[in-house]
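Here is what each chain is made of, one letter per residue.
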Amino acid sequence: MTTQPVAAFEPPYVMAVFSSVRTADDTGLDELNDRMEEIVQAIPGYLGYESARNPEGLGITVAYFRDHESLTVWRENMEHQAAMKKGRADWYESYTLHVATVERSHGFVRNG
């Protein structure tokens, strides 16, 4: 399996950057994240995501959407709403969410 960044899309498009620090007990979070991935992938306008967590526990997930309307569909999804509530109650010490419109995007992949 090759790990690659999400492709560069034709701007403009929208990105939501979720940075978080988890609680010591994140039991069940991975399973819920799998379900959230199933849901978001079915939303027209969803483009993909990238996620990483450093050894100190800071995690960053960047999700890409074609437009603000598709991001709004994700934000207002009832299962996602319940997951956000559960996250605040049980799984996150802290988090921030930044939403931005991408104005420029390009990429590179080494051949060979």
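Residues numbered from 1 in each chain as written. Predicted model: local features only at pLDDT ≥ 70, side-chain atom pairs only at ≥ 80, totals over all residues. Heavy atoms only, no water.

## What to know about the sheet that holds strand β3 (residues 58–65)
- A sheet is described by the order of its strands in space; here four strands give the open sequence β2-β3-β1-β4, paired in antiparallel fashion. Each of the sheet's edge strands pairs with one partner strand only, and the pair in question is β2 (46–53) and β4 (92–102). Geometrically, the sheet is characterised by an average inter-axis angle of 15° between neighbouring strands, direction not taken into account.
- Sheet contacts for helix α3 (residues 78–91): β1 (13–22) and β4; angle to β4, the most-contacted strand, approximately 140°. (Pairing = 2+ DSSP bridges. Helix = DSSP H or I, 4+ residues; strand = E, 2+ residues; numbered from the N terminus. Axes fitted to C-alpha atoms, helices over the stretch in contact; angles between N-to-C directions. Contact = heavy atoms within 4.5 Å.)

## Comments concerning the packing of helix α1 (residues 29–41) against α3
- As a packed pair, α1 and α3 sit with axes 11 Å apart at the nearest point and diverge in direction by 155°. The angle between the axes of α1 and α3 places the two elements in the roughly antiparallel class. The element α1 and its partner α3 pack so that their crossing is left-handed. Here Leu 29, Leu 32, Arg 35, Met 36 and Ile 39 of α1 lie close against α3, whose contacting residues are Glu 79, His 80, Ala 83 and Trp 91.
- Its residues assigned to classes, the contact of α1 with α3 comprises six nonpolar, one polar and two charged. (Parallel < 35°, antiparallel > 145°, perpendicular 65-115°, else oblique. Left-handed = near helix turned anticlockwise from the far one by under 90°. Nonpolar A, V, L, I, M, F, W, Y, C, P; charged D, E, K, R; others polar.)

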